[in-house]
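Working through the structure, step by step
Residues per chain are reported as follows:
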Amino acid sequence: MANEITVPLLPCRSIDEIVEFYTMLGFTRTYYQVRPNPYVSLKRQDLQLDFFGMPDFNPEDSYGTCLVIVPDTGELFEAFAAGMREAHGKLLVSGIPRMTRPRKRKNAENHSGFTVIDPGGNWIRIMAAKPAPEEKEAASGKLTTTLHTAVVMGDSHGKHLRAAQILDAALERDKDTATAAEHLQALAYRAELALRADDPAAAGDALARARALTLSEAERDRLAETLAALDDMEAILRPAQRP
């Protein structure tokens, strides 16, 4: 048999909270039921997610997850990010809900992936259908190898504190040998991990160190997405830094 369709059914505390969040990401509500049991279905093009409500459900205790395979993680991430910026004036990178950035996952054959953690605490893991074309990485030393390990720990397993410890040790170990490009990528991820841990001081320090790096024009072009991430995180920090 062919042309099967699989639709994940995920738990949440409030279907109305779920509708508001996914509408922000460009989904449309296609079914809504309050009685006898809360239930909602949402769709964005060919991507469909269904949710059932549990009033006493705690999102922090959720084990709900699903894998979504897409042709281009970058395109979908930017669409979701635009919705978040329009609704909140910033990306949601900490707490529940939040979203990670697309990064290569060494535990997924270097396919690019990012994750949306929705108000129900469900992890919607979005992965590229194919690995990115092989190209010489702008940063390829020991620090980058450790960064890939930290990404698995922080983005795949959700252990952002452990990921930060791994990255801090590598940043100190390789401070005199890693390239500026390596440092930029590692410090950008370190700042994101700090925001997830509600540590604006550590985030600000990592961002300041990243901004102090000297990059060539070619490096700035190659690392445009990472530099854009710095802009996003600085926008998040500005309200917290007001007296």
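Now for a description of the structure that goes with this document. Please read all numbers here as calculations on a predicted model, not as lab measurements.

Calculation rules
Residues numbered from 1 in each chain as written. Predicted model: local features only at pLDDT ≥ 70, side-chain atom pairs only at ≥ 80, totals over all residues. Heavy atoms only, no water. Salt bridge = Lys/Arg side-chain N within 4 Å of Asp/Glu carboxyl O. Helix = DSSP H or I, 4+ residues; strand = E, 2+ residues; numbered from the N terminus. Buried < 20%, exposed > 50% of the residue type's maximum accessible area, 1.4 Å probe, protein only. Expected span 1.5 Å × (residues − 1). Arc of directions from axis to C-beta. Contact = heavy atoms within 4.5 Å. Polar contact = N/O pair within 3.5 Å; in protein donor to acceptor, adjacent residues only side chain to side chain.

Bringing the pattern of salt bridges into the picture now. Here the structure, examined in full by the defined rule, presents 13 salt bridges. As a salt-bridge pair, Arg103 and Glu192 come within 2.6 Å of each other at their nearest N and O atoms. Residue Arg103 is found in strand E7 (residues 103–105), and its partner Glu192 is found in helix H5 (residues 180–196); the two are separated by 89 residues along the sequence. With relative accessibility at 15%, the residue Arg103 sits in the buried group. For Asp168, the salt bridge goes to Arg190, with nearest N and O atoms at 2.7 Å. Of the two residues, Asp168 is situated in helix H4 (residues 160–173) and Arg190 in helix H5; the sequence distance between them amounts to 22 residues.

Another point: helix H2 (residues 73–88). Its 16 residues place the ends of H2 22 Å apart at the C-alpha level, agreeing with the 22 Å of an ideal helix rising 1.5 Å per residue. If you check which residues of H2 are buried, you get Thr73, Leu76, Phe77, Phe80, Ala81, Gly83 and Met84. Viewed end-on, H2 has its buried residues packed into an arc of 160°, placing them on one side of the element. In H2, the exposed positions that point more than 90 degrees away from the buried face belong to Glu75 and Glu86. Looking at the buried side of H2, the elements it contacts are helix H1 (15–24), strand E3 (39–44), strand E5 (65–70), strand E6 (98–99), strand E8 (111–117) and strand E9 (123–128). Two to three positions downstream of the cap, the backbone nitrogen of Gly74 sits 2.9 Å from a side-chain oxygen, assigning the N-cap of H2 to Asp72. Immediately beyond the C-terminal end of H2, within one or two residues, lies Gly89, with a positive phi of roughly 80°.

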